[in-house]
Amino acid sequence: MVRTRSSGKSFDIPKMLIWDAYRKVRENGGAAGVDRQSLADFAQNEKDNLYKIWNRMSSGTYFPPPVKAVAISKATGGVRMLGVATVADRIAQTAVAMMLEPVVEPLFHPDSYGYRPGRSALDAVATARGRCWRQRWVLDLDVRGFFDNVPHAPILWALERHATAAWVPLYVRRWLTAPIQHPDETLVVPDRGTPQGSAISPVLSNLFTHYAFDAWLAQTQERVMFERYCDDIIFHAASESQAQFLHRTIAARPGRYGLHLHPEKTKIVYCYQEGRAPRPGAQVQFTFLGYTFRPRYARRADGGWKTGFLPAVSKDACKAMARTIRGWKLGRRTDLSFREVARMINRIVAGWINYYGRFYKSLLIKFLRARINPHLVKWACRKHKRLHRAPAQARRRLAQIASTYPGMFVHWRHGALPSGSTTGAV
């Protein structure tokens, strides 16, 4: 990888672009694709492998291999199919995304938060919270099977309009129609949709939704405030009639692209809180990005209590975390010391607290205390013979350890201490 730019090739692709893309893929990690080549395998012949990618892309002869379809469980139940590309294909996709993002990023609406630099899902939740305090009604929009049904033609039209290099739409077109290899090894060539999990999919979905929703809304409903994270969209309205009008107006928009709203998940919600009259029969909660917004008790500045319309970790998110906790099978990990158990789970729990603990943290801490600590008691009962038939003694011992070492587990540090502990959160 000595030369920095292509020479005598169909396309002038900098070699450093491929190298930078490789570095990003390496940092993100990920599983092997259909060729079963891991990142470690790729690195064994790193220079030649990167040269092959650059040479084929520069010559216009790069054709993506099939994408491996992998089923993962959804927090709301059921499964979602993720597309796992090969390591080489992830590098090629990342290179195209790195070329495309700086060009299209300035186009995007300020209320678009998904997969954008300097923006996060928590930013979208925070904005939604503030607007729910100011606007009484919400239209919670759910597009059914968005990633599986996004049409290709509008994406390619937008690419032709904005891409500064001819090879960008060329390779995107090939990726959109790359065969998908299902678990039974059958190959299906898609005529719509973008594989979830691919490196290029986020910028393509943002480009599509920009023209399909954001830019159209800015032209036709310029005063309407919304938060969009990919296909998860919340609209705010001052009145129920305005929310109903938005529902009628916006519901017809996805149909132009062969998309449809989910009839049960799309709903109008009243943001009930102190100072607003009750609305009998109105829905008063919605879930957005893993947070459920609904009336909740909140502290006043004077120490009293009030009812506010606030976000907190959703039931579906709690169910997903509970499944993960059960999957640790802590009661069987008697091969580990107590500190090793802490190291095993702390990184995961810290991620939960960083995300779901941003708003109404007390509910998350209550959940973690009730879910994780009993598994630690079960671990102690199986680890130490004297505690085999003495769970009450094991609970007391766990409380003593937590009082002495409250920082050993991340959830303890944030107040999810075992019952009987005398130390507060640190």
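Residues numbered from 1 in each chain as written. Predicted model: local features only at pLDDT ≥ 70, side-chain atom pairs only at ≥ 80, totals over all residues. Heavy atoms only, no water.

The full count for this structure, using the stated rule, is nine salt bridges. One salt bridge in this structure joins Glu105 and Arg116, with 2.7 Å as the shortest N-O distance. Residue Glu105 is located in the loop between helix H4 (87-104) and helix H5 (121-134), and its partner Arg116 is located in the loop between H4 and H5; the two are separated by eleven residues in the primary sequence. Among the salt bridges present, the one from Glu227 reaches Arg131, with a minimum N-O distance of 2.8 Å. Of this pair, Glu227 sits in strand S6 (residues 226-229) while Arg131 sits in helix H5, and the two are 96 residues apart along the sequence. Residue Glu227 is classed as buried on the basis of its relative accessible area of 0%. When its relative accessible area of 11% is taken as the criterion, Arg131 is described as buried. (Salt bridge = Lys/Arg side-chain N within 4 Å of Asp/Glu carboxyl O. Helix = DSSP H or I, 4+ residues; strand = E, 2+ residues; numbered from the N terminus. Buried < 20%, exposed > 50% of the residue type's maximum accessible area, 1.4 Å probe, protein only.)

This brings us to the packing of helix H3 (residues 46-59) against H4. It is the contact of H3 with H4, at a shortest axis distance of 10 Å, that shows an interaxial angle of 55°. Taken together, the axes of H3 and H4 are oblique relative to one another. When you trace H3 past H4, the crossing you get is right-handed. In contact with Leu50, Ile53 and Met57 of H3, H4 contributes Ala88, Ile91, Ala92 and Val96. Residues of the contact of H3 with H4, tallied by class, amount to seven nonpolar, no polar and no charged. (Axes fitted to C-alpha atoms, helices over the stretch in contact; angles between N-to-C directions. Parallel < 35°, antiparallel > 145°, perpendicular 65-115°, else oblique. Left-handed = near helix turned anticlockwise from the far one by under 90°. Contact = heavy atoms within 4.5 Å. Nonpolar A, V, L, I, M, F, W, Y, C, P; charged D, E, K, R; others polar.)

For the rest of this paragraph, the subject is a positive patch on the surface. A cluster of basic residues, Arg294, Lys315, Lys319, Arg323, Arg326 and Arg371, forms a positive patch at the surface. Counting residues per element, the positive patch draws most heavily on helix H11 (residues 315-328), at four residues. In this structure, Arg371 sits in helix H13 (residues 361-383). On the basis of relative accessible area, Arg371 is assigned to the partly exposed category, the value being 40%. (Patch = residues over 30% accessible without salt bridge, like charges linked within 9 Å, V, L, I, M, F, W, Y side chains within 5 Å. Areas by Shrake-Rupley, 256 points an atom, 1.4 Å probe, with all protein chains shown as cover. Lys, Arg positive; Asp, Glu negative; His and termini not counted. Charge placed at Lys NZ, Arg CZ, Asp CG, Glu CD.)

As paired strands, strand S10 (residues 291-299) and strand S11 (residues 305-313) are joined by nine bridges and run antiparallel to one another. Each residue of the ladder has a partner; that of Pro295, found in S11, is Phe309. (Pairing = 2+ DSSP bridges.)

Spatially, four strands are ordered S2-S1-S4-S5 in an open sheet, and the strand pairing comes out mixed. Single-partner strands in this sheet number two, and they are strand S2 (79-84) and strand S5 (187-188). Summarising the sheet, strand S4 (residues 180-181) and S5 pair through two bridges and their orientation is antiparallel. Among the inter-strand pairings, Gln181 is bridged to a residue of S5, identified as Leu187.

Here we take up the sheet that holds S6. Strand pairing in a sheet relies on backbone hydrogen bonds, with the paired strands running either antiparallel or parallel. Pairing in this open sheet of four strands is antiparallel, and the strands run S6-S7-S3-S8 from one edge to the other. Across the chains shown, the open sheet's two edge strands, defined by having one partner strand only, are S6 and strand S8 (267-270). Strand after strand, the sheet turns through a mean of 15° between neighbouring axes, direction not considered. Sheet analysis places strand S3 (residues 137-142) next to strand S7 (residues 232-237), joined by six bridges and oriented antiparallel. Bridge pairing links Asp140 to Ile234 in S7. The strands touched by helix H10 (residues 240-251) within the sheet are S3, S7 and S8, with S3 carrying the most contacts at an inclination of about 20°.

A few words now on helix H9 (residues 201-220). Between its first and last C-alpha atoms H9 spans 27 Å; for 20 residues at 1.5 Å apiece the expected length is 28 Å, and the two agree. The principal kink in H9, of about 50°, is found at His210. (Expected span 1.5 Å × (residues − 1). Bend = angle between axes of the 7 residues up to and from the residue.)

Regular strands show a simple pattern: their side chains alternate between the two faces of the sheet. For S7, the buried fraction is high: five of the six residues fall into the buried class. Strand direction decides the pairing type here: S6 and S7, joined by four bridges, are antiparallel. Considered in S7, the bridge of Arg228 is made with Ile233. Two successive antiparallel strands, S6 and S7, enclose a turn made up of two residues, where Cys230 displays a positive phi of approximately 60°.

So, on to the packing of aromatic side chains. All chains considered together, the criterion is met by 26 aromatic pairs. Aromatic pair Phe286 and Phe293: ring centres 4.7 Å apart, planes at 10°, arrangement stacked. Of the two residues, Phe286 and Phe293, neither departs from the other in class, the shared state being buried. Through a chain of ring-to-ring contacts, the aromatic side chains of Phe146, Phe147, Phe208 and Tyr257 assemble into a single cluster. Its guanidinium or amino end placed over the ring of Phe63, Arg174 lies 3.8 Å from that ring's centre, counting from NZ or CZ. Sitting above the plane of the Tyr405 ring, Arg339 keeps its charged end 5.6 Å from the centroid. (Phe/Tyr/Trp six-rings, centres within 6.5 Å; stacked < 30°, edge-to-face > 60°. Lys NZ or Arg CZ within 6 Å of the ring centre and 35° of its normal.)

Glancing now at the nonpolar core. Membership of the largest hydrophobic core comes to 121 residues, with the highest contact counts inside it found for Met57, Ile91, Trp167, Val172, Phe235 and Trp412. Of the residues forming this core, the biggest block, ten residues, is contributed by H13. With residues up to four places along the chain from it excluded, the contact list for Trp167 reads Phe11, Asp12, Ile13, Leu17, Met57, Val96 and Met99. (Core = buried A, V, L, I, M, F, W, Y, C linked by side-chain atoms within 4.5 Å.)

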